[in-house]
Amino acid sequence: MRMTQILIHLFLHLIFLGVALGQVITIQDQCLPTRCGDFGPVIRFPFRLKNRQPTNCGYPGFELSCTKDNVSQFMLQFPLQASIKNIVIPISANVSVQEIDYNSQTIRLSELNASCLPRQISNINSSASLFTFDPNSYGGFTLFNCSSNKEYSTSSDRINCLSGPHYDVLAFRSYYSISQFPSSCTKMYNISDVPNEVLFGRPEYSPTQIYLHWSEPFCGNCEADGKYCKLKSNGSGSETECADIPSKGPSKKVIVASVLGSVFAFALIILVVYKIVKLKIKKEDQKRIERFLEDYKALRPTRYSYADIKKITEQFKYKLGQGGYGKVYKGKLTNEILVAIKVLNNFKGDGEDFINEVGSIGRIHHVNVVRLVGYCADGYRRALVYEYLQNDTLQKIISSGNGRGSSLCWEKMQQIAVGIAKGIEYLHQGCNQRIVHFDIKPHNILLDQDFNPKVADFGLAKLCSKEQSAVSMTAARGTIGYIAPEVFSRNYGNVSYKADIYSFGMLLLDMIGGRKKFDAANEENSSSQIYYPEWMYKQLEKGEEIEIQIDNEDDSSIIKKLAIVGLWCIQWYPADRPSMKVVIQMLEGEGCPIMPPNPFGSLNSPNKRTTAEGSQFSSELGSSFETGTSSN
């Protein structure tokens, strides 16, 4: 699962890298020379295509656009001045650009559509045009306002946009003699030379050929050296510099497609390699299990094929339960022999739980330990075959007690406690190697038809020599609420078989009253909930009865004995806990054992285990590590 998450993150990072690289390439390509259609003039600095290239690709005021017919269009201020004080007359013109000569810094225009001249010249000068018109030898024009009732010299032309129904505005070439000017007309102003299209509109048949020149920015030196002009990267905004002509390589789309294709191909290769490695690991796990089972043949639990498992369970017809390990089904070996088959999830773990279970439970035989009838290791399909115990788990008995602690009598509950203790004692001392269960809890205690208990579920068990005082662990294991403090934190001591004794103590307290927290409103000078074992210790210490419903007065001594033994077992420090042999002696003894030291003593009491330690341990367990089969 961890590797899958790493691969997903790597895959996403590769996609991000590909997109980012594509964007970098796109940014670099945006200022490359372009054109409108296949036959328009080449557009490059100082010009740029508006809405297609960023502003840094061109010089301010040199923005071209493409029409739907792929005509290069340019909206500019036409160069025009009034002769009076050389005032610039603002005339906007929309033109089609036919040719751009970057060496001479000249553009050839056609289809000029200009705005009309003003009737009066403003005293406020407008900003000059970026371009200059190459005037011919004819000079400028003089404008006159004349009555429309008279006829005038044919050397003049009517400016339609300035004329009205009762007057005409006429334009005469400035080089005419004064005698040729109409005396009955009013002179308006003189203007510099402009193309006839600006004054009189486009001619109907004669094609327009207009040349404009720009002087700023000056890029002649760059063009002469065979380079391009561009804006300075760290300049003021209008400063230019020379740059090498970009080589014409693959198109932007081809480059981006290639980059993204390479990224996805690389990610696909990683995924394939991951699958191959994962399959190899699975095969190695399977070989390890096969080697273990080969060495295990002498112990003779029956090995079943997966087809046998399906037949025994009648195609997995009757499900008894399920948990994080897999599912449990009821099966039948013969008409007389029923079994419970735990089918393990084949996608979880590396087979360690399977080896733990078979390696520990398969080699032992005890009346209080569940018997492993057989197993299945058919490829990646694994299952464990147990004897079937019809009375389910101890947890079911405890939870159905209706306030009595359990649905069984207290004498039977004591017998169950003794049986569990003997089963754990056998695991600790009766085998060649000590087996530490690490997950003792009511869910993992099965009951046969006579309610004899059997310790089950050895998925978290560890084997060690009897002389070994500490068990090595890389991570804590168990079920929250039953985990010994030293398993959680080495500050309480080394991990050993005493961890099972702590879990057994919590199980005993569960048997008495279920996992409860009592409302401390029943206690004087307190208004919050307290830890159930601590409450029980205080009740016994004060000589008060534990508030459990009983049918017989003799049962109170059994409840008290179970409680005291449980409190002995849950001492915070392993060295303070009795061995399971001593626990059995206390449970089977005639009277009640003596009270243990208080593991919940106050902070002010020396040589006592503090409530702070217990509270810290209990609260921190909620966010702990790898838990056992708590959902059994």
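Since we're looking at a predicted model, the values are computed, not measured.

Cut-offs and rules
- Residues numbered from 1 in each chain as written.
- Predicted model: local features only at pLDDT ≥ 70, side-chain atom pairs only at ≥ 80, totals over all residues.
- Heavy atoms only, no water.
- Helix = DSSP H or I, 4+ residues; strand = E, 2+ residues; numbered from the N terminus.
- Buried < 20%, exposed > 50% of the residue type's maximum accessible area, 1.4 Å probe, protein only.
- Contact = heavy atoms within 4.5 Å.
- UniProt positions renumbered as here; feature names shortened; annotations may be inferred.
- Disulfide = S-S within 2.5 Å.
- Salt bridge = Lys/Arg side-chain N within 4 Å of Asp/Glu carboxyl O.
- Pairing = 2+ DSSP bridges.
- Axes fitted to C-alpha atoms, helices over the stretch in contact; angles between N-to-C directions.
- Core = buried A, V, L, I, M, F, W, Y, C linked by side-chain atoms within 4.5 Å.
- Domains from an automatic or database assignment.

**Details of the overall build of the chain**
A count of helical and extended segments in the chain gives 14 helices and 25 strands. Looking at the chain residue by residue over its 632 residues, the buried ones come to 45%. Within the chain, contacts between residues at least 6 apart in sequence are counted, and of these 65% link residues at least 24 apart.

**Focus on the environment of Ser122**
Counting through the fold element by element, Ser122 comes out in the loop between β7 (106-114) and β8 (131-133). On the basis of relative accessible area, Ser122 is assigned to the partly exposed category, the value being 39%.

**Structural notes on the UniProt feature "binding site: ATP" (unreviewed entry) in the chain**
The positions UniProt marks with the feature "binding site: ATP" (unreviewed entry) are Lys342. Structurally, Lys342 is set in strand β19 (residues 338-344). By relative accessible area, Lys342 is classed as buried at 8%. Every residue in contact with Lys342, bar those within four places of it in the chain, is listed here: Tyr325, Lys327, Val328, Glu357, Arg382, Ala383, Leu384, Tyr386 and Asp457.

**A word on the state of the cysteines**
Enumeration over the complete set of coordinates arrives at six disulfides. By sequence order of its bonded cysteines, the chain has the disulfide arrangement 1-3, 2-4, 5-7, 6-8, 9-11, 10-12.

**Overview of the pattern of salt bridges**
As enumerated under the stated definition, the model contains 11 salt bridges in all. The salt bridge partner of Lys422 is Glu588, with a shortest N-O separation of 3.2 Å. A residue pair is termed long-range when its members are at least 10 positions apart, and Lys422 in helix α8 (residues 410-430) and Glu588 in helix α13 (residues 580-588) qualify at 166 residues. With its nearest N and O atoms 3.8 Å apart, the salt bridge here joins Glu534 to Lys538. Within this pair, Glu534 and its partner Lys538 are both found in helix α11 (residues 532-541), separated by four residues, close to a single helical turn. Judged by relative accessible area, which is 11%, Glu534 ranks as buried. By relative accessible area, which is 38% here, Lys538 ends up partly exposed.

**Observations concerning the sheet that holds strand β20 (residues 372-378)**
Here six strands make up an open sheet; going across it, the order is β16-β20-β21-β19-β18-β17 and the pairing mixed. The outermost strands of the open sheet, each flanked by one partner alone, are β16 (302-304) and β17 (318-323). Here the strands of the sheet are splayed against their neighbours by 25° on average, with no regard to which way each runs. Contacting β19, β20 and β21 (381-387), helix α6 (residues 352-361) crosses the sheet at an angle of about 30° to β21.

**What about the nonpolar core?**
As a rule of thumb, nonpolar side chains are buried together in soluble globular proteins. Counting 85 residues, the largest nonpolar core has Leu394, Phe438, Val487, Phe504, Met511, Met536 and Leu587 as its most contacted members. The residues that make up this core include at least three from each of domain 3 (301-388) and domain 4 (393-599). Counting 44 residues, the second-largest nonpolar core is a separate cluster that includes Tyr59, Leu117, Ile191 and Cys222.

**Comments concerning α11**
Across the 10 residues of α11, eight count as buried, placing the element largely inside the fold. Looking at α11, one finds that the buried residues are Tyr532, Pro533, Glu534, Trp535, Met536, Tyr537, Gln539 and Leu540.

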